Amino acid sequence: MFRNFWFSYKNILYRAILKKKYFTFLRKIFGTLFKFLRKFYLINFSPDIENLDKVEKNKFKNFNLDDLFINFNCDKGSYCVYDYEKKITHKYSVFYEKYLKKNKKKKLSVLELGSHEGKGIASFYFFFPNANFYGANINPFQMKYTSKRITELYVDVSCKEIVDNLANHINEDLDLIIDDASHNLKDILLALPILFRKLKQNGFYVIEDADQFKVYKELNPTNEKMTPIQILKNIKNNRKFSSKFLSKTDKDYLKKNIKNFYFEKGKSIVNGYNISDIVFLRKK
Ligand SMILES: C[S@@+](CC[C@H](N)C(=O)[O-])C[C@H]1O[C@@H](n2cnc3c(N)ncnc32)[C@H](O)[C@@H]1O
């Protein structure tokens, strides 16, 4: 626990230095330390934090993954309830079931980038009853679930040094990595080659919301023509392409090491566009 706290604390401060925000750095030395101490204290007492290890074992026995996402109000399922209103969401559950169901009982190691309040991780906790989870987020104080099987870490997926540090900190290879963090084009392409190297053989790297750029233009501020999906399709079809966010070494590495590419579309529609692109990449 201390090692994880120290990793997050150190990297939050390091990020401020990298951004040359020296006043923020000084403020965070004490502010972030205080928040961590408060969190460790509250974890056992706060009614807002649920210990999943204490949930009755059979409570979700007959739930499929979509039922679990709905139960935890996670937008990976077919709907969420916001302000008492039911809203159709991505329905990625069918694809997770399709590609991962056969590994359900295995002792998987899973990393989710962009763990937020932990609704996705809480759902997977019951879907994969023997898995261990790393939830990594830019704000490590949002998580609403705790468990011996969940480790929370800080990450900023827009910063190469921090993603490298995360990869080095997690001292095991992973079976499943889910990128549900910023959804920014550049960040998706930054994290992919670094963390794909952390996958075990036959492991899956999943990119959620991989092409929302027509609707959310701020996720592609430099107006890149080549989206992550187009890049991956080019890699799959062995076509030449150039992207300023992937080095030649990374391109070659991905070409050599991705065994299967599965491009899927969920159900969420915004301004007439389906924004639910999800990609499953399987490692050789
Ligand atoms: C869509 S939410 C994730 C939802 C969550 N995965 C779930 O299943 O409920 C995206 C999360 O990514 C985090 N995020 C945004 N930018 C980030 C960054 N640069 N690095 C890491 N996390 C980031 C946000 O704080 C937010 O918590």
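Residues numbered from 1 in each chain as written. Predicted model: local features only at pLDDT ≥ 70, side-chain atom pairs only at ≥ 80, totals over all residues.

Caption draft 1: A look at helix H2 (residues 22-42). Along its 21 residues, H2 runs 30 Å from first to last C-alpha, staying within 8% of the 30 Å computed at 1.5 Å per residue. The largest bend in H2 comes to about 40 degrees, at Lys 28. Within H2, only zero of the 21 residues are buried, leaving the element largely exposed. (Helix = DSSP H or I, 4+ residues; strand = E, 2+ residues; numbered from the N terminus. Expected span 1.5 Å × (residues − 1). Bend = angle between axes of the 7 residues up to and from the residue. Buried ≥ 20, exposed ≤ 12 C-beta atoms within 10 Å, placed from the backbone.)

Caption draft 2: Focus on the site of the ligand. Contacts to the ligand come from 20 residues, most closely from Gly 114, His 116, Lys 119, Gly 120 and Ser 182. Partitioning the shell around the ligand into residue classes produces five nonpolar, nine polar and six charged. (Near = placed C-beta within 6 Å. Nonpolar A, V, L, I, M, F, W, Y, C, P; charged D, E, K, R; others polar.)

Caption draft 3: View of the environment of Tyr 154. Examined against the element boundaries, Tyr 154 turns out to sit in strand E7 (residues 150-154). Overall, Tyr 154 belongs to the buried group, with 25 C-beta atoms counted inside 10 Å. Separated by 53 residues in the primary sequence, Tyr 154 and Ile 207 have C-alpha atoms spaced 19 Å apart. Residues in contact with Tyr 154, not counting those within four places in the same chain, are Ser 8, Asn 11, Ile 12, Ala 136 and Pro 140. (Contact = placed C-beta atoms within 7 Å.)

Caption draft 4: Representation of the sheet that holds strand E8 (residues 174-179). Pairing is mixed in the open sheet, where seven strands are placed in the order E7-E5-E4-E8-E9-E13-E10. The open sheet has two edge strands with one neighbour each: E7 and strand E10 (258-265). Each strand axis lies, on average, 15 degrees off the axis of its neighbour in the sheet, ignoring direction. Bridge count between strand E4 (residues 109-113) and E8: four bridges; the pairing is parallel. From the neighbouring strand, Leu 113 faces E8, where its bridge partner is Asp 179. Taken strand by strand, helix H8 (residues 228-236) contacts strand E9 (199-208), E10 and strand E13 (277-283), and its axis lies near 140 degrees from that of E10. (Pairing = 2+ DSSP bridges. Axes fitted to C-alpha atoms, helices over the stretch in contact; angles between N-to-C directions.)

Caption draft 5: Region of interest: the packing of helix H1 (residues 2-18) against H2. Viewed as axis vectors pointing N to C, H1 and H2 meet at an angle of 160 degrees, and their least axial separation amounts to 9 Å. Classified by the interaxial angle, the pair formed by H1 and H2 is roughly antiparallel. Pair H1 / H2 crosses with right-handed handedness. Contacts between H1 and H2 pair Phe 5, Tyr 9, Ile 12, Leu 13, Ala 16 and Ile 17 from the former with Thr 24, Phe 25, Lys 28, Ile 29, Thr 32, Leu 33 and Phe 36 from the latter. Per-class residue counts for the contact of H1 with H2 are 10 nonpolar, two polar and one charged. (Parallel < 35°, antiparallel > 145°, perpendicular 65-115°, else oblique. Left-handed = near helix turned anticlockwise from the far one by under 90°.)

Read these as layout, nothing more, since geometry by itself doesn't imply function.
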